[in-house]
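An overview of the molecular structure
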Amino acid sequence: MVACRILTPLFAICLASSVQALAQDNETPPPQPNCGDFSTKSFSDGLPSGCDRAIIGRQLLIHNADALAKAVANSFNIGPTSIEPAGLESISLDAAAARLTGGSSFLISPAADVAAVAPTPKWNIWVDGKYTWNDNSSENFDLDGPLWNGLAGIDYKLTDKMTVGLLGSYETSDLDGTFVNTESEGWGGGPYFGVVLTDNIVFSANVLGSLVDTHQTGPLHFDSERLQASAALNGYWYKDTWRFTPGVSVSWSKEWMDEKSEAAPDQDVEVALLTPSVQIGDTLRLSETATVEPWAGAALDWTFVNEIEQEGSPTTDDPNTDLRVQAGLNFGFGSNAQFSVTGEAGGLLLDDTDIYSGQANLAIQF
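Keep in mind the model is a prediction, meaning the values are calculated, not measured.

Quick notes on the environment of C35
As for its position among the elements, C35 is in the loop between helix 1 (2-26) and helix 2 (40-44). C-alpha separation for the pair C35 and L47, spaced 12 residues apart in sequence, amounts to 7.2 Å.

Considering the side chain of R226
Within the element layout of this structure, R226 appears in strand 6 (residues 221-235). In this structure the side chain of R226 is engaged in a polar contact, spanning 2.6 Å, whose partner is the side chain of E171. Not counting residues up to four positions away in its chain, the partners in contact with R226 are R53, L60, E171, L208, G209, S210, V212, S253, K254 and E255.

Here we look at the pairing of strand 1 (residues 123-136)
The side-chain alternation of strand 1 yields one buried face, formed by N124, W126, D128, K130, T132, N134 and N136, and one unburied face, formed by W123, I125, V127, G129, Y131, W133 and D135. In the sheet, strand 1 pairs with strand 2 (residues 144-159) via 13 bridges, with the strands oriented antiparallel. The residue bridging T132 from the neighbouring strand is L147, located in strand 2. When strand 1 meets strand 15 (residues 353-365), the two strands line up antiparallel, connected through 13 bridges. Counterpart to N124 in the pairing with strand 15 is Q365.

Some points on the side chain of K254
Position of K254 relative to the elements: it lies in strand 8 (residues 242-259). Comment: no salt bridge for buried K254; closest opposite-charge side chain is E270, at 4.2 Å. When neighbours within four sequence positions are excluded, K254 is seen to be in contact with E225, R226, L227, D268, V269 and E270.

Details of the pairing of strand 8
Pairing analysis gives 13 bridges linking strand 6 to strand 8, with the strands arranged antiparallel. Directly across from D223, in strand 8, lies its bridge partner D258. Note: strand 7 (residues 237-239) against strand 8, 3 bridges, orientation antiparallel. Of the residues in strand 8, the one forming a bridge with K239 is W242. Turn length for the strand 7-strand 8 hairpin, with the two strands adjacent in sequence and antiparallel, is 2 residues, and the turn residue D240 shows positive phi of about 60°.

What counts and what doesn't
Residues numbered from 1 in each chain as written. Predicted model: local features only at pLDDT ≥ 70, side-chain atom pairs only at ≥ 80, totals over all residues. Heavy atoms only, no water. Helix = DSSP H or I, 4+ residues; strand = E, 2+ residues; numbered from the N terminus. Polar contact = N/O pair within 3.5 Å; in protein donor to acceptor, adjacent residues only side chain to side chain. Contact = heavy atoms within 4.5 Å. Buried < 20%, exposed > 50% of the residue type's maximum accessible area, 1.4 Å probe, protein only. Pairing = 2+ DSSP bridges. Lys, Arg positive; Asp, Glu negative; His and termini not counted. Salt bridge = Lys/Arg side-chain N within 4 Å of Asp/Glu carboxyl O.

Rendered as structure tokens:
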């Protein structure tokens, strides 16, 4: 009898524990938040801000890799080895021969009066600005609007094959969606470097830290710290004046968003891309000191990490692949100044996003 009195409560406790554990196992886990969720909870939790920052983060990584590759190429003065002199393409063979065999007299200057060859520039200073219009569908809260972002840097060539530098960044965006608006502004800075690996292949890499301020409709206000890193290999092969540039870059960013009003959970946004690309261009001479290179290209962006983490909710994970097409003009002035303009269309493989952008770059070596 005593044993029964002891064992009966123990049995009841074990049975209750088993039932409770079974009930917990059968509970339906909370659904994964997504950027097309228009529920009141999504808005109050600040999910549109996280989705906005994932969109912006991806575009900043693309701009960073493109601008850095161009800056390093300009620093090393990469270009065609020979360009047809201005005017020769429009004259006949007889006229060209006449120029070469003309009887005009000329004067040979003494060697002492010949100017010394100018030293190779060591410094490279540049600025790159980009405007992007985002056109998102309801799968991204219908967030539409502009992103303005700029990069500026200066680097010094330690050797003919290695340059190191510092760059700064600025960004501002204003995206309006269904029942919601998000605005952000940020500043950043960090180091970069470039290395000529072979006669045709250049490596570039950088790290960039930023502070970002984001506001969402209502009381929500996020202060963010973001870290970006990228590395790229680009090839430069020339046939006469034609350029063929295959490339591949890998880039990553993570943004830690701290909600200041304590009305919504904090969020972490992580994005990583792998981008193979190709460009083809042809350099033409405009004058004795100026050239222009029309070019076209394409890039395939595989976003293999695209996560938004919210406290108390499952992680939103939306990897995707997109195709961008590009075209532009690269101008050269003398041997130490370059200016370029680029137009781009993206979202060609995405159902929920269309992206259109324009970009300008100016670089001077001294």
